[in-house]
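# Structural overview for review
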Amino acid sequence: MGSCIAGTSYTLLKFGVGSSFRCRPFSAYSIAGFNERFHSSHRGKAMPENCGNCGATITTGSAFKLANLRRDELWVRFANFINSADYSDLCGQCGDLPISEAHNRIDELIADRVSFVREHITDFPMFTISWLPANVEIRYKTMITANVTVGTGLFNEFSQGFSDFLGCVNTQSGMSAKVNQGEANARSILVSKALAVGANCVVGVDIDYGVTNNNSATINMQGTAAHVKNMSSLLHEAELERAQAIHDAYARIDQLRQWRAGDIPA
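Residues numbered from 1 in each chain as written. Predicted model: local features only at pLDDT ≥ 70, side-chain atom pairs only at ≥ 80, totals over all residues. Heavy atoms only, no water.

## Thoughts on the pairing of strand β6 (residues 201-211)
Bridge count for β6 against strand β7 (residues 217-228) is nine bridges, and the pairing is antiparallel. Across the sheet, the residue bridging to V202 is A225, located in β7. With antiparallel pairing between neighbouring strands as the criterion, β6 and β7 make up a hairpin whose turn holds five residues, including N215 at a positive phi of roughly 65°. (Pairing = 2+ DSSP bridges. Helix = DSSP H or I, 4+ residues; strand = E, 2+ residues; numbered from the N terminus.)

See below:
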């Protein structure tokens, strides 16, 4: 409706003949009255909260405004613990960066320990014998297996046959390199399974080789995961230290993965 003159009566045809209203002056008094009625109607209701870290308004959003939710207390503790920070609160606007930094930090630490285990995988005690001296305190866990398939190819077979004819084998390339890599992969799988069940060695290790119909080589490795209490009776001091380093690295990986999942100390 257009503007009106204060004190003038108007007829509203929309609501029927005879319906009329009187225009009231729009003054500071009416504005004050509106404000008073607005605050009275909202008195006692919870007003929008603000983030304790950045001061942004916490809101579920609307059709014209993006949501800004408060981060769960678990993620606040996670960011504080990993980043050595002291956030009292985090929201969608200020919480993404510290939480992302904490995840990246843990991922880097996990990758470093995984790389260490892979580089020192041969330091994990593996024995082909199944009989150990009587003074060894051993507890058997379970049988573990690893099966790896590697491709060979016509060129690899030709180069391998030529090398055999000359009486030399290049272990850095060709089929020999692939088989050696397959053995390393199978050993890594076996060690991972042994560590997962709480073993500190594998006894009775056996390796079998085979060829599939498509000329792929297979490496099958199996053994019994076991835990030896007095490992010093089987290994020299230097070997024992290297083996312990593998166990410490694996335990660190497990701990970091638990932290990344949100299971952090209180």
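## Considering the side chain of N68
You can see N68 is positioned in the loop between β4 (57-58) and α2 (73-83). Under the relative-accessibility criterion, N68 is labelled buried at 4%. Looking at N68, its side chain comes within polar contact range of the main-chain oxygen of T57, at 2.9 Å. Of note is the side chain of N68, whose polar atom sits 3.1 Å from the backbone nitrogen of G92. The contacts of N68, once residues within four sequence positions are left out, are A56, T57, I58, T59, C91, G92 and Q93. (Buried < 20%, exposed > 50% of the residue type's maximum accessible area, 1.4 Å probe, protein only. Polar contact = N/O pair within 3.5 Å; in protein donor to acceptor, adjacent residues only side chain to side chain. Contact = heavy atoms within 4.5 Å.)

## Some thoughts on the pairing of β7
In the sheet, strand β5 (residues 138-150) pairs with β7 via twelve bridges, with the strands oriented antiparallel. Residue I138 lies in a different strand from β7, and its bridge partner there is V228.

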